[in-house]
Each structure stands twice: as C-alpha cells, then as structure tokens.
Amino acid sequence: MKKAIYPGSFDPVTNGHVDMIVRSASIVDELVVGVLNNSAKNPLFSVEERVSMLEEITKDIPNVTVASFDGLLVDYMEQIGASLIIRGLRAVTDFEYELQIAQTNHRVSPAVETIFLTTNLKYSYLSSTIVKEVAAYGGDISHFVPEQFIERIYRKYNIVK
Ligand code: ADP
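Here's what I pulled together on the structure shown here. (Residues numbered from 1 in each chain as written. Predicted model: local features only at pLDDT ≥ 70, side-chain atom pairs only at ≥ 80, totals over all residues. Heavy atoms only, no water.)

**Some words on the site of the ligand**
Part 1: Taken together, 15 residues lie near the ligand, and Tyr6, Ser9, Gly88, Thr119 and Tyr123 sit nearest.
Part 2: Between a nitrogen atom of the ligand and a side-chain N or O atom of arginine 90, the distance comes to 3.2 Å.
Part 3: Coverage of the ligand by the protein amounts to 88% of the 550 Å² it exposes when considered alone.
Part 4: When atoms are counted within 2 Å of each cavity's grid points, the one that captures over half of the ligand is the largest pocket. (Near = heavy atom within 4 Å. Polar contact = N/O pair within 3.5 Å; in protein donor to acceptor, adjacent residues only side chain to side chain. Areas by Shrake-Rupley, 256 points an atom, 1.4 Å probe, with all protein chains shown as cover. 1 Å grid on protein atoms, 1.4 Å probe; cavity = no way out; pocket = protein on both sides within 12 Å on 5 of 7 lines; lining within 4 Å. Sits in = over half its atoms within 2 Å of the grid points.)

**Looking at the sheet that holds strand S2 (residues 30-36)**
Part 1: The strand order across the open sheet built from five strands is S3-S2-S1-S4-S5, with neighbouring strands paired in parallel fashion. Every interior strand has two partners, whereas the edge strands, strand S3 (64-69) and strand S5 (113-118), have only one. Strand-to-strand twist in this sheet, taken as the mean axis angle between neighbours without regard to direction, amounts to 30°.
Part 2: Sheet analysis places strand S1 (residues 3-8) next to S2, joined by six bridges and oriented parallel. When the sheet's bridge partners are listed, alanine 4 is paired in S2 with leucine 31.
Part 3: Taken strand by strand, helix H2 (residues 47-58) contacts S2 and S3, and its axis lies near 175° from that of S3. (Pairing = 2+ DSSP bridges. Helix = DSSP H or I, 4+ residues; strand = E, 2+ residues; numbered from the N terminus. Axes fitted to C-alpha atoms, helices over the stretch in contact; angles between N-to-C directions. Contact = heavy atoms within 4.5 Å.)

**As for the environment of valine 13**
Part 1: Structurally, the position occupied by valine 13 is in the loop between S1 and helix H1 (15-25).
Part 2: Exposure remark for valine 13: the relative accessible area of 1% places this residue in the buried category.
Part 3: Sequence-wise, valine 13 and valine 92 are 79 residues apart; in three dimensions their C-alpha atoms are separated by 22 Å. (Buried < 20%, exposed > 50% of the residue type's maximum accessible area, 1.4 Å probe, protein only.)

**Section: the pairing of S2**
Part 1: Burial analysis of S2 places five of its seven residues in the buried class, the great majority of the element.
Part 2: The parallel pair S1 and S2, bridged by H1, forms a crossover whose chirality is right-handed.
Part 3: Bridge count between S2 and S3: six bridges; the pairing is parallel. Note on S3: the bridge partner recorded for valine 32 is threonine 65.
Part 4: Between S2 and its parallel partner S3, the chain crosses via H2, and the hand of that crossover is right-handed. (Right-handed = clockwise from strand over helix to strand, strands pointing away.)

**Considering the packing of aromatic side chains**
Part 1: What the rule picks out here adds up to three aromatic pairs.
Part 2: Here tyrosine 6 and phenylalanine 10 contribute two aromatic rings whose centre-to-centre distance is 5.2 Å and whose plane-to-plane angle is 70°, an arrangement assigned as edge-to-face. The pair formed by tyrosine 6 and phenylalanine 10 is uniform in burial state, with each residue classed as buried.
Part 3: Ring geometry for phenylalanine 69 and tyrosine 76: centres 5.2 Å apart, planes at 10°, overall stacked.
Part 4: With relative accessibility at 6%, the residue phenylalanine 69 sits in the buried group. (Phe/Tyr/Trp six-rings, centres within 6.5 Å; stacked < 30°, edge-to-face > 60°.)

**Structural notes on the side chain of threonine 14**
Part 1: Positionally, threonine 14 belongs in the loop between S1 and H1.
Part 2: Excluding anything up to four places from it in sequence, threonine 14 contacts Leu126, Ser127, Ser128, Val131, Phe144, Val145 and Pro146.

**As for the nonpolar core**
Part 1: By size, the foremost hydrophobic cluster in this structure holds 34 residues, and its most contacted members are Tyr6, Leu31, Val33, Leu54, Ile86, Ile141 and Ile153.
Part 2: When residues of this core are traced back to their parent elements, those giving at least two are S1, H1, S2, H2, S3, strand S4 (84-89), helix H5 (128-136) and helix H6 (150-156).
Part 3: Other than its neighbours up to four places away in sequence, leucine 31 contacts Ala4, Ile5, Tyr6, Ile21, Ser24, Ala25, Asn63, Val64, Thr65 and Ile86.
Part 4: By size, the runner-up hydrophobic cluster in this structure holds 11 residues, among which are Phe69, Val74, Tyr76 and Met77. (Core = buried A, V, L, I, M, F, W, Y, C linked by side-chain atoms within 4.5 Å.)

**Here we look at H2**
Part 1: End to end, H2 covers 16 Å across 12 residues, agreeing with the expected 16 Å (1.5 Å per residue, within 8%).
Part 2: Residues of H2 that are buried in the fold lie against H1, S2, S3 and H6. (Expected span 1.5 Å × (residues − 1).)

Here it is in structure tokens:
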C-alpha cells in the first residue's frame, strides 16, 4: 500500500495543483494533500479556507484526502504512515531547491522517498503567487484557478466582479 503526501501552501489552489493531484492519485494507493500551516508566511487564505477549497475540488476522487499540518513534514508523514512525497517541477528554477529538500528529507528519514512529476505544459508558468498578483489588480484569473474559487479570491482584495 503506497500512501503519499502532496505538500504545499496552496494559497490558493491553482489548476496546476489540481492537475498534480489528479495525476498523483492515479499513481499511488492513497494521497493526502497536506496543507502547510505556516504562520510566518502570512497567507491570503487561512489554513481552514485552503483545506476547505481543496476538499471541495477533490471530493470526487476517492483515494484523496486533505489535511493540514505544521512542523517537520517527515514527522507528520510518520504520524499518518505515508512514505512518499509528491512534488511538482515546473522549470529548472524549481530543481535546485527541490533536490535539496528531497535529499534532506531522505537523510532525516531514510524510509521517505520523493517523487517528482513534471508540470503539465499548460500550467508550467502558473503559481499561487502569480494568481495573487493578477487578482490583486482585478485581472482575469479564470485560466488559473477552478471556476468556483474565482469570486472568493477577488473578495480577498475587495474586488466584486
Ligand atoms: P510551496 O509553498 O511549498 O511552493 P505550493 O502550494 O506553491 O507550495 O506548491 C506545492 C507543490 O505544487 C510544489 O511541489 C510545486 O512545485 C507544485 N506546483 C505548483 N504549481 C504548479 C504547477 N503549475 N504545475 C505543477 N506543479 C505545481
């Protein structure tokens, strides 16, 4: 039984994340989308809001659950019995950081392996930061995030569309 975690901030969840979730869920037996509760990051959406949006978007994928965590990822993985980490690689710029994190996690917890999925070309430019930058100026984010979240994102910037 392969249980994996797909960790991230998901502030907010983008179409790139959703694509990663769907593809990872078809590879592993069980996938936990792990929402990092990092108060230092000053997120746009609270951890509860991020979990709730992810639950909404994954409700029809039977082997996916959503949970928040804080502290060390490998400690949380031990708690829930997961041995695989899924991460996305968008461009070479992601590589150096991701390699370092993957090797650190493996060193700290040798049973843990990281699997990288290359991004879908359609979403290789996309990040939560880009979504926030465009939304803050009232720009069109309809290609970036699931439709049902568009309004919720604008509302954070007091924009009514
Ligand atoms: P973090 O704050 O840890 O970067 P994110 O929520 O931004 O977390 O991303 C979580 C994971 O999703 C990372 O592995 C990241 O590389 C991946 N990811 C983000 N955007 C995309 C995308 N457009 N396509 C594929 N993977 C992505």
